[in-house]
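Coordinate inspection notes
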Amino acid sequence: MDTKKIKLPHGIPGHNLGQIEREVPADEPPAWPVNDELKHVGKRVKRTDAEAKVTGAAKFTSDIQLPGMLYGRMLRSDYPHAKIRSIDMSAAEKHPGVYAVHIFKNVVGMAQPADDDAAGEYPDIKFAGQPIAGVAALTTEIAEEALDLIKVDYEYLPFVVDLEEAQKPEAPLVFTTNVEQDDAGGGGGGDTGLKTVGNVRGPSTSSFYGGPRGDLEKGFEEADTILEQTYRTQVQTHCSLETHGVVVDWKPDNVTIYASTQNTKNVRDEFAEVFDLPKSQVRVIQEYMGGGFGAKHSLGNFGVMAGYLAKKSGRPIKLMLDRREEHISSGNRPNSIHYLKIGARKDGKLTAIQQRSYGTAGVGLGAGVGRIAQIMYESPNFSTEQYDVFTHAGPGAAWRAPGNVQGCYGLEQAMDELAEKLNLDPIALRDVTDTSEIRKVERHRGAETFKWSRRKLPASDPGLIKKGLGMAQSHWPRIVHIDSTAEVRAFRDGAVEIRSAVQDIGTGTKTVLSQVVAEELGLKPEDITVRIGDTLFPDGPPSGGSIVTGSITPPARNAAYKLKLQLFDQVASKLETDASKLAVDDGQIMSTEDPSKKIAFKEALKEMRTGQISATASRSDDYGGFMVGNAIAYGGLGSVQFAEVSVDTETGFVKVEKIVAVHSCGRPINITQIENQINGGVIQGLGYALYEDRVMDNETGHQMNSNFDQYKMPLSLEIPDIEILIVEDYSGRSSTDAYGIGEPANIATAAAVANAVYNAIGTRIFEIPITPEKVLRALNKV
Amino acid sequence: MRASGTVIFLLNGTACTIDFHESTPYTPTTTVLQFLRSHPQLQGTKEGCAEGDCGACTVVIASLNQQSELVVEACDSCLIFLPMLHRKALITVEHIGTPEHLHPVQKAMVDHDGSQCGYCTPGFVMSLYALHHNHPESESSREVAEDALTGNLCRCTGYRSILDAALQVHDQASMTPNDQKQTIQGLQSLQSYPLSIVSQHQKYFQPHDLQEAVKLRSMYPEAVMISGATDVALKVTKNDEVLEEIIDLSSVKPLKELKITDHYIYLGAGLSLEQVKRTVEDLLPALYETLKVFGSLQIRNLATIGGNIASASPIGDTAPILMAYDAQVELVGPQSTRLVPMREFITGYRETSMQKDEMILGFNIPIPNTQTHVKWYKISKRKDLDISTVSGGFRLELEQDATVSHISLFYGGMAAMTKNASKTEASLLGKPWSREQVELSMDIIDQDFTPISDARAEAGGRRIMARNLLLKFWTDTHA
């Protein structure tokens, strides 16, 4: 491969900005300077589809209506654990208005036995809400009437839904053999090949950062102080405003699926596999989707059911979950019991970290506590043991920094406790033990903005309403999805398009792509038509793991760059210059040597030899290679968040007054959208810290609050003053050097709030959500 | 006025009729949201929860009040039955602007990046539309904006951009004078008649006068009475119940009566909680505080004070405070009216002393003198739009020497019904209102209640909350 050497911006402006020389493929575009010198990238550009959203014109999956479309509904088990002896669909099938029925032979989205031994005719029921069968009818009401006519003969079995009960030797077993799950939530517990004993699977002891390090025993011997503590987090449900769902339109030679998904490519691939179709015959379209947060990567049982019903009825099927189904079956953030033992020397240097966790993703895998304890602090001795515990409850799913949010809640409180034990300021402790340059800058810029020096000793506020300050920080890897491709087209009529199957989960991917292409072509973002969320276009990355921006903006830029060179070739002779002497700026193509030699970009398009030109590019390897495999880039996305709370010691009510959130995402592309996403991440973290909690009924195995009435999330009245600092952090690893912000925005908030509550009342609450009840119990020592 | 089975309303400015006696896909308990979702061109209004907790389905309903003034309110369309639109104007997001010609509130949302995924956006836009109709001037403070938006759930943005949008447009009214004129004329042109819908499985009556309402109540003693239907609608949308007989009291004028004298406030049972809230701010501040964090604006615009009391929920927020104010309930039956002290009205879990042929006409609330302390407290996870875990409506009168001459401690969430802590009250009566005495009495609360554990809190937690509310009352009232 031909290569060339280019110099790229490197470091943090205002701190250590410089340049770095890297050897890159010869066809990579020249390095962009820092954002200050760019026109559209790094600016506050209006959201491309804002008008469609505010007028209700944006069509979501739930809005799709096709001629002849039927409505699908699924029968779900009311029982958390049962064998099905028989299912009688005959009455449902005969119900007027019913066009198709289907019984599941397999269910997806949960752990499966490692060796597919002789299964019964029907899948065993392992959680209340597990789908059994489905019907398609003229209306949702008729479909629901038909569901009532299905007769299922169950053999009821004992069940367990509680994380601690499930670990006891006498607990009813969820699985009787070793299990695996391909699409586990990614929380860190879902390694393959682990053994299951009782309901406990694991431990998972390694990650892409490696396995255990050093010698724990020696590490603790060297410590001056040892902290041992257990932290607990709850199950949180995603609560996307649009529920999961699809419309499947099965035509003889082509299936079109409108899906509320954050991963068009994966939905296509899963559908093709289930129905044994060539991938090229399956098209997935996601024009708009109403939130996902990690739970909408897969086709899901609803998608499989809609496929069967469409195939059988010969008509398009719409199948959307209702709010209750969404809570109980479509994913959640698993809970955790998180044990940490940390040894430190007087100066704050850590000597050892021992971590052990138990969590339940119900019938799924992925209930670990992430890798944050392994990577964020320097400790020569480290080990982790993360166990998945099975319960008869709906499967977990990925959610904004899976595992790491739980892990950060424990780790960052432990660091707060450790700082107090060592008589060090929490920031000073981290300055000693955290080697990340970006986080150091973030801590100190944040501390200044937040006025961290105001912080007093715990519980020193004299009033009944006590104020407290706390901070926490996080790490998220820079993950790159190499199979990310973008095509840029230009048309003789002046239109410029970018196309990719990548979808916009709502974070603003469409806008970001328009900025990158406009910057490269010297046009305005509004000149660029963004066509994404359709698998007819080249494959894009999933919208998860903060992967999208780092994966798709480099190929988008590179495709635009290639297209620009094609256009230069076509206009060079007209401008009586060499193509290599041409550049774009402000809608013009001009000679760098003689600015009078120029042509408007749109005029140049009119004179093209063909009606359109096109260029495609895929994600290049990172400049200088990856840290691990072809996905984990060097460096990380650091974030530091500060929280100020007031705690009413009589009602136990915690009010978050202020958050300062300091974040980095490489080269920021759209400041407004980044701020918007950080605000949203902080507020989700606040819901996690204070309100949200899936409550299971041990008697029935049902979720008691599978609604929005009792499952509480923050509303506009609760939001604190949030101040956001974005720190540019150039690493020179790709043609855009940009990364995502979704996960980092959400990780540290709950820990920062918990630390602030401790600072306010002087008693630590080791379990979230921090409800008035828990605060009062802590203060009243009941 | 001959009753008819045809509902007539303005749908985005155009008269629309639904004749329930003809073949129609709708029933009298079809919700406005279901109606809108069945129209391919009206898909902007979204379903998020179908229980009034997320606001994705927010629409604006305009109607004429008794003075023929235009009343413009944001409501959750998932909680409104179609016949409740009778003689009203329904305005949806499609009506107020297009991508090419944005309405000022839409423009503000675009300018401030008020959307991420955008699914909740149409609901927010309609809440903003009502906000800026009702607060066209600079009075649209952050507090007013927060209150107007707190019925809208957004899982992506964290709200800041939306609140910023709310504040951008404070000097622009939502409806142009011409829009308003046309809406008023349109509403006036709709024929006025009571509704009497008798379909295959359901009867739905919307009487206009009290006599007729009382007569229907006697004829159909098992009928569900609704006004805003915010509670009853959940039976349909969540529990799939078929309500066979419904009497909709929302058009009965005497139920909207509002009288203020030197010593009393009279609140008609049909006044919306938002109307009550606006009325009582200065006169009954503790009731105002109750309503400030009661549900969302969308709910308060629909829900009535009579409905909240009649449902007799053990965690209903208005019962403890009306008891603390020593309100009287005025009941009307076929023969006469009678007054029942609020403290005796609720007799058990969702049970009241109302007879099968009676309905609540209104509430007579004495305005306390300045020496009387009436306070309301609520403990819930979330400050607003959350059902109380424990609530308290308390009243205190002190002698010159700061001994307690009267104390009422009404608790919600501690028993199957709103109930006073009688032993605790007795322990305080005649005693000095001191921290020592209050702390002694706090131990007695356990004798008054045996609370339950549920998804909101455990019994032990409720006990602590009940004790602490008493302490808080002392903190707020001692000299």
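Please read all numbers here as calculations on a predicted model, not as lab measurements.

Moving on to the domain arrangement of chain B. Residue and element names in this part refer to chain B. In terms of domains, chain B is made up of domain 1 (6-94 + 179-248), domain 2 (97-173) and domain 3 (257-477). Relative placement of domain 2 and domain 3: their C-alpha centres are 34 Å apart. Listed by partner, the interface residues are seven residues for domain 2 and eight residues for domain 3. Of the roughly 540 Å² buried between domain 2 and domain 3, counting both surfaces, carbon and sulfur atoms make up 34%. Three residues, D147, T150 and G151, lead the burial of domain 2 against domain 3; their summed loss comes to 70% of the area buried on that side.

Residue and element names in this part refer to chain A. Strand β7 (residues 131-137) sits mainly inside the fold: seven of its seven residues count as buried. When strand β3 (residues 70-76) meets β7, the two strands line up antiparallel, connected through six bridges. Counterpart to R73 in the pairing with β7 is V135.

Here we come to the confidence of the model for chain B. Residue and element names in this part refer to chain B. Considering every residue of chain B, the mean pLDDT works out to 92; 98% of them sit at 70 or more. At the low end of the mean pLDDT range in chain B sits helix α5 (residues 142-149), at 90; at the high end sits strand β5 (residues 89-91), at 98. In the predicted complex, the global pTM is 0.96; the interface-specific ipTM is 0.97.

The next subject is the pairing of strand β3 (residues 58-64) of chain B. Residues and elements named next belong to chain B. Among the seven residues of β3, six are classified as buried, and the element is accordingly described as predominantly covered. Here β3 runs beside strand β4 (residues 70-76); their pairing, made up of seven bridges, is antiparallel. Each residue of the ladder has a partner; that of A62, found in β4, is V72. Between β3 and the antiparallel strand that follows it, β4, lie five residues; S68 among them carries a positive phi value of about 60°. Of the strand pairs in this sheet, β3 and β5 are connected by three bridges, and their pairing is antiparallel. Residue V60 lies in a different strand from β5, and its bridge partner there is I91.

If you walk through the whole model with that rule in mind, you get 26 aromatic pairs over all chains. With a centroid separation of 5.2 Å and an interplanar angle of 65°, the aromatic rings of B:Y26 and B:F35 are classed as edge-to-face. With a relative accessible area of 2%, B:F35 lands in the buried category. Chaining the aromatic ring pairs together yields one cluster made of B:Y377, B:F394, B:Y411, B:W433, B:F449 and B:F473. Over the ring of A:F220 we find A:K341, and its NZ or CZ is 4.4 Å from the ring centre. For the cation-ring pair, A:R356 lies above A:Y339, with the distance from its terminal atom to the ring centre recorded as 4.5 Å.

With that settled, the discussion passes to the interface of chain A and chain B. Across the boundary between the two partners, chain A contributes 74 residues, which contact 69 residues of chain B. Together chain A and chain B conceal approximately 6,100 Å² of surface at their shared face, both sides included; 57% is due to carbon and sulfur atoms. Viewed at the interface, chain B and chain A are joined by seven salt bridges. B:K472 is the partner of A:E650 in a salt bridge, and the nearest nitrogen-oxygen pair spans 3.5 Å. Between the two partners, chain A and chain B, sit 25 residue pairs in polar contact (both at pLDDT 80 or more). Broken down by secondary-structure element, the contributors of at least two residues to the side of chain A that touches chain B are α1 (50-54), α15 (671-690), β30 (721-726) and α18 (772-780) of chain A. Looking at the side of chain A that touches chain B, the element that brings in the most residues is α15(A), giving 10 residues.

Right, let's talk about helix α12 (residues 509-521) of chain A for a bit. Residues and elements named next belong to chain A. With 13 residues, α12 should cover 18 Å at 1.5 Å per step; its first-to-last C-alpha distance of 18 Å lies within 8% of that length. Burial within α12 is extensive, with 13 of its 13 residues counted as buried. Looking one or two places after α12, you find G522, whose phi comes out positive at around 70°.

Cut-offs and rules
- Residues numbered from 1 in each chain as written.
- Chains lettered and ligands numbered in written order.
- Predicted model: local features only at pLDDT ≥ 70, side-chain atom pairs only at ≥ 80, totals over all residues.
- Heavy atoms only, no water.
- Domains from an automatic or database assignment.
- Contact = heavy atoms within 4.5 Å.
- Buried area = accessible area lost by both parts, 1.4 Å probe.
- Buried < 20%, exposed > 50% of the residue type's maximum accessible area, 1.4 Å probe, protein only.
- Helix = DSSP H or I, 4+ residues; strand = E, 2+ residues; numbered from the N terminus.
- Pairing = 2+ DSSP bridges.
- pLDDT = per-residue confidence, 0-100.
- Phe/Tyr/Trp six-rings, centres within 6.5 Å; stacked < 30°, edge-to-face > 60°.
- Lys NZ or Arg CZ within 6 Å of the ring centre and 35° of its normal.
- Salt bridge = Lys/Arg side-chain N within 4 Å of Asp/Glu carboxyl O.
- Polar contact = N/O pair within 3.5 Å; in protein donor to acceptor, adjacent residues only side chain to side chain.
- Expected span 1.5 Å × (residues − 1).

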